[in-house]
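# Close look at the chain arrangement
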Amino acid sequence: PEGGATPEQPAPTSPAAPVASVIKYPTDCADAATCDYYLTHADNGDSVDFTFSVRAPNPGWASLGFSTDRNMGDDAVIDCILNNGAVTVQNSYNPGLFNTPLTGSLDLGLSATSGEYIDGRISCAFTRQKTVSGEPRVFDLNVPHYVMMAMGPAFGDNKIPHGFSGADLPTTTTNTVNFSTSR
């Protein structure tokens, strides 16, 4: 879609929860139930807690990319893949205009993963370590990045590429996002 996702906005949190920010698309949507893409992230010291809700097909996938620019290519990606009613959270990478799973490092730096498919939406939650050793394609979240959000159909655990026009195009933040509010 043309234009970018909204700038970060504070998300409602409980007093004990880390302060979360919201990135959403389209920009005038109200909440996770009405947005095509709805992402919250909260700095949690050495890690970042994410929740991600996307209007997506079943079976399908929703992906969150971290990039040094607003274009696909050389992007670290976290996928939420829906297959047979279960959501798998894993790392992948965009070396160019395609995506490939990080075989051998699918869960590197990821913990507390969960997901579900309800009312036409893939929703997942996960914690990602900010710094991960041994795999340069899992980017350091201490460095601000543009955030890309995409979705598409799946065949088993395999992502089928998203479309290349209209609502099938991924959306990207207009500015880089700082995931380290405590530094």
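Scroll up a little and you will see the structure.
In this report, we go over the structure that sits alongside the text. Just so you know, these numbers come straight off a predicted model, no measurement behind them.

Here is what the cut-offs are and how they apply
- Residues numbered from 1 in each chain as written.
- Predicted model: local features only at pLDDT ≥ 70, side-chain atom pairs only at ≥ 80, totals over all residues.
- Heavy atoms only, no water.
- Disulfide = S-S within 2.5 Å.
- 1 Å grid on protein atoms, 1.4 Å probe; cavity = no way out; pocket = protein on both sides within 12 Å on 5 of 7 lines; lining within 4 Å.
- Points joined across faces, edges and corners; volume = space filled by probe spheres on them.
- Helix = DSSP H or I, 4+ residues; strand = E, 2+ residues; numbered from the N terminus.
- Nonpolar A, V, L, I, M, F, W, Y, C, P; charged D, E, K, R; others polar.
- Buried < 20%, exposed > 50% of the residue type's maximum accessible area, 1.4 Å probe, protein only.

### Thoughts on the state of the cysteines
For the structure on display, the rule yields two disulfides. Two residues share a disulfide in this structure: Cys29 and Cys35, whose sulfurs sit 1.8 Å from each other. Here the S-S torsion is close to 90 degrees, and the disulfide linking Cys29 with Cys35 is therefore right-handed. Between the sulfur atoms of Cys80 and its disulfide mate Cys124 the distance is 1.9 Å. Every disulfide takes its handedness from the sign of the S-S torsion; for Cys80 and Cys124 that torsion is 65 degrees, giving right-handed.

### Here we look at the layout of surface pockets
Computed from the structure, the largest pocket encloses a volume of approximately 620 Å³. For the largest pocket, the lining is made up of 31 residues, of which Met72, Asn94, Ala150, His162 and Pro170 are closest to its centre. Mapped by element, the contributors of at least two residues to the lining of the largest pocket are strand S5 (60–67), strand S6 (75–83), strand S7 (86–94), strand S11 (146–155), strand S12 (158–159) and strand S13 (171–172). In terms of residues, the lining of the largest pocket owes the most to one element, S5, which gives four residues. Counted by class, the lining of the largest pocket contains 16 nonpolar, 11 polar and four charged residues.

### Remarks on empty space enclosed by the protein
Per the stated rule, a full pass over the model turns up one cavity of 30 Å³ or more. In this structure, the largest cavity encloses a volume near 30 Å³. In terms of lining, the largest cavity is formed by Phe66, Ala76, Val77, Ile78, Asn91, Ser92, Leu102, Arg128, Arg137 and Val138. At the level of elements, S6 and S7 are the ones that each hand at least two residues to the lining of the largest cavity. Counting residues per element, the lining of the largest cavity draws most heavily on S6, at three residues. The residue inventory of the lining of the largest cavity, partitioned by class, reads six nonpolar, two polar and two charged.

### Side note on unusual backbone geometry
Of the consecutive residues Tyr25 and Pro26, the connecting peptide bond is found in the cis state with omega at 0 degrees. Checked against the element boundaries, Pro26 lands in the loop between strand S2 (20–25) and strand S3 (37–43). For the peptide bond that leads from Asn58 to Pro59, omega is -5 degrees, which places it in the cis range. Looking at where Pro59 falls in the secondary structure, it is placed in the loop between strand S4 (47–55) and S5. Of note, Asn84 is a non-glycine position whose phi angle comes to about 55 degrees, a positive value. Note that Asn84 resides in the loop between S6 and S7. In this structure Asn84 comes out as exposed when scored by relative accessible area, which is 75%. The backbone of Ala112 shows a phi angle near 50 degrees, a positive value even though the residue is not glycine. Mapped onto the elements, Ala112 comes out in strand S9 (residues 110–118).

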